[in-house]
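Coordinate analysis (summary)
Spelled out, the chains give:
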Amino acid sequence: MAKFAKVSFKKDELNKELSKFFKGMLSNGAVDAVLTPMAQAKKGVRLSLVTSAAHTAQVDPFAPVAAVSGAKIASSLTARPSGRKVAMVLRPCEVRAVVELSKLKQVNLEDTLLIGMDCLGRYENTDFAKFQEQGGTSESFLENAQAGKTATNGFDITGACKICEFPAADKVDMRLCALGAESGAVYIEALTEKGEQALEKSGVKGGGAPAGRDEAVKKLAAARTEARDKKFTDIRAEITNFEALADKLAPCVNCYNCRVACPVCYCKECVFVTDTFRHTGDQFMMWADQSGILKMPNDTMFFHLTRMTHMSLYCVGCGQCTSACPNGVDPMPLFRACADKTQARFNYQPGRSVDEELPLAGFKADELVEVTGQVK
Amino acid sequence: MSEFEPQIVAFFCNWCTFTAADLAGTSRLSYPPNLKIIRVMCTGMVDPKFVIKAFLHGADGVLIGGCWPGDCHYINGNLKARRRVANLTEVLKQYGIGEDRFWLRWIAASEGTMLQEVAKDMTEKLKQLGPSPLRNLGQIAV
């Protein structure tokens, strides 16, 4: 049974109240470290690794920004574990990516306390800077976003967030709940035994459960699912063939930033930067000879299609690829629409369970008979 | 104008389908020359990139041939290949390269006649379908 603790706050004191929770966990030994979004010295909010209770004042877990996917940070911290307990405050998409990475042995969940935050969306990194300049805070964002107002003066939450059907995190030990909470309060929910112990040690307690939460989560998820399906319909109508795909990818310069930013692009070394793709002049000339012309750098569509076959089964739809693109390609809808197909084929949903096998890591003798259509 | 001749890139496993092709040859079973056979040790080593690259370079069809489930020389390479093919099919299908152009077939070493049939069948179907839409794209866009 889930346990809740209420965190009430006065105006502009949300983070001050939340910092007590993290401070409590650190000073009472619930965890040895906390990875959480924190306000930087002057501007910006970044995930920071805090090991001292004295440094929790700057926490800002609800800040609508994710400059880098937290799943990649989680992998850096735990793939070769420190042996120290870390609480990680992550967005729902990051949590789902962490679940996938744990199956790929690139995240170790053993000493990890996962804390998922209710996500109403994030701004692009550059937009978040504007948001802060205009005096925006996590508090004002939570209040406006819950009323459906995420757009401010010329910018809005990312396209990925607008079509994300997972505003709340599952498969976590604890949750920071803002959805459906009354004004001036957020809730901390413990979902597992590990989470309950940590909540108890943090010293934050009491206050009952947020009454409207389930309904608020359902409503937001339904609205975003609808937006997602519309986006799928649009992109599928727009890109029906390779020619349209080539047009869409025309601004791509093969920088591979999308792959670097992707939390589930799991290869430790991408084949596209290995010797396999370091061709000789001869080879390029030969390709050019085939039709008399060769676009350079070449293999643009090859790269994106290969990435689709590699990671679309595990795509969590975080939109970091689009955020990372310096040339405005917007790969997110392409990859999400593709992921929708590949995941449906294997009845797989990334982030659903740590016990579910990765579709390309297993096989059975008597499955997918329709691929060959042959029966002995 | 001469009839359209499809180009089919065929990845055949060394132990079954390639041997079947050999058998078809020694048995004097003729099959269309549209197949460009590439011998691989196992269907399990056919990287999806091989298939994507073949299509991007204008292949009209790709045929992967391997051992029947249970007969793989490496125990389960063909089963891994089947999942990869299912996955890749979903990717390519979105842009118009469907199951009609991308085949996986089980052909045992003794099934020379089946190899002939599959080769004829695929060539015939691709003739009806016409050239791959990627042919027009050339290397300007890909």
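This is a predicted model, so every value here is computed, not measured. (Residues numbered from 1 in each chain as written. Chains lettered and ligands numbered in written order. Predicted model: local features only at pLDDT ≥ 70, side-chain atom pairs only at ≥ 80, totals over all residues. Heavy atoms only, no water.)

Here we take up the domain arrangement of chain A. Residue and element names in this part refer to chain A. Its domain assignment divides chain A into domain 1 (3–227) and domain 2 (239–363). Placing a centre on the C-alpha atoms of domain 1 and another on those of domain 2 gives a separation of 29 Å. At the junction of the two partners, domain 1 supplies 26 residues and domain 2 supplies 26 residues. For the pair domain 1 and domain 2, the summed buried area comes to about 2100 Å², and 55% of that belongs to carbon and sulfur atoms. Contact with domain 2 buries surface across domain 1, with Arg 96, Glu 100 and Lys 103 losing the most and accounting together for 26% of the total. Arg 336 is paired through a salt bridge with Glu 165; the nearest N and O atoms lie 3.1 Å apart. In this structure, the connection of domain 1 to domain 2 is made through 16 residue pairs in polar contact (both at pLDDT 80 or more). Of all the elements in the fold, those that place two or more residues in the side of domain 1 that touches domain 2 are helix H2 (70–78), helix H3 (92–103) and helix H6 (159–162). When residues of the side of domain 1 that touches domain 2 are assigned to their parent elements, the largest contribution, eight residues, is made by H3. Here the residues of the side of domain 1 that touches domain 2 are counted per class, giving 14 nonpolar, four polar and eight charged. (Domains from an automatic or database assignment. Contact = heavy atoms within 4.5 Å. Buried area = accessible area lost by both parts, 1.4 Å probe. Salt bridge = Lys/Arg side-chain N within 4 Å of Asp/Glu carboxyl O. Polar contact = N/O pair within 3.5 Å; in protein donor to acceptor, adjacent residues only side chain to side chain. Helix = DSSP H or I, 4+ residues; strand = E, 2+ residues; numbered from the N terminus. Nonpolar A, V, L, I, M, F, W, Y, C, P; charged D, E, K, R; others polar.)

Now for the sheet that holds strand E3 (residues 45–50) of chain A. Backbone hydrogen bonds are what pair the strands of a sheet, in a parallel or an antiparallel way. Residues and elements named next belong to chain A. Here we have seven strands laid out as an open sheet, ordered E1-E7-E6-E5-E4-E2-E3, and mixed in their pairing. With partners counted over all chains shown, the strands left at the sheet margins are strand E1 (3–8) and E3, one partner each. Across the sheet, the axes of successive neighbouring strands diverge by a mean angle of 25 degrees, strand direction being ignored. As defined by bridge partners, E1 adjoins strand E7 (residues 185–190) across six bridges and the pair is classed as antiparallel. Bridge pairing links Lys 6 to Tyr 187 in E7. (Pairing = 2+ DSSP bridges. Axes fitted to C-alpha atoms, helices over the stretch in contact; angles between N-to-C directions.)

Next up on the list: the interface of chain A and chain B. Listed by partner, the interface residues are 48 residues for chain A and 38 residues for chain B. Together, the buried faces of chain A and chain B total about 3900 Å²; carbon and sulfur atoms form 65% of this surface. Across the chain A-chain B interface, the total number found is three salt bridges. Between Glu 90 of chain B and Arg 345 of chain A there is a salt bridge, and its shortest N-O distance comes to 2.9 Å. For the pair chain A and chain B, the interface holds 13 residue pairs in polar contact (both at pLDDT 80 or more). With seven residues, helix H12 (residues 300–311) of chain A is the single largest residue contributor to the side of chain A that touches chain B. Considering only residue class, the side of chain A that touches chain B consists of 27 nonpolar, 11 polar and 10 charged.

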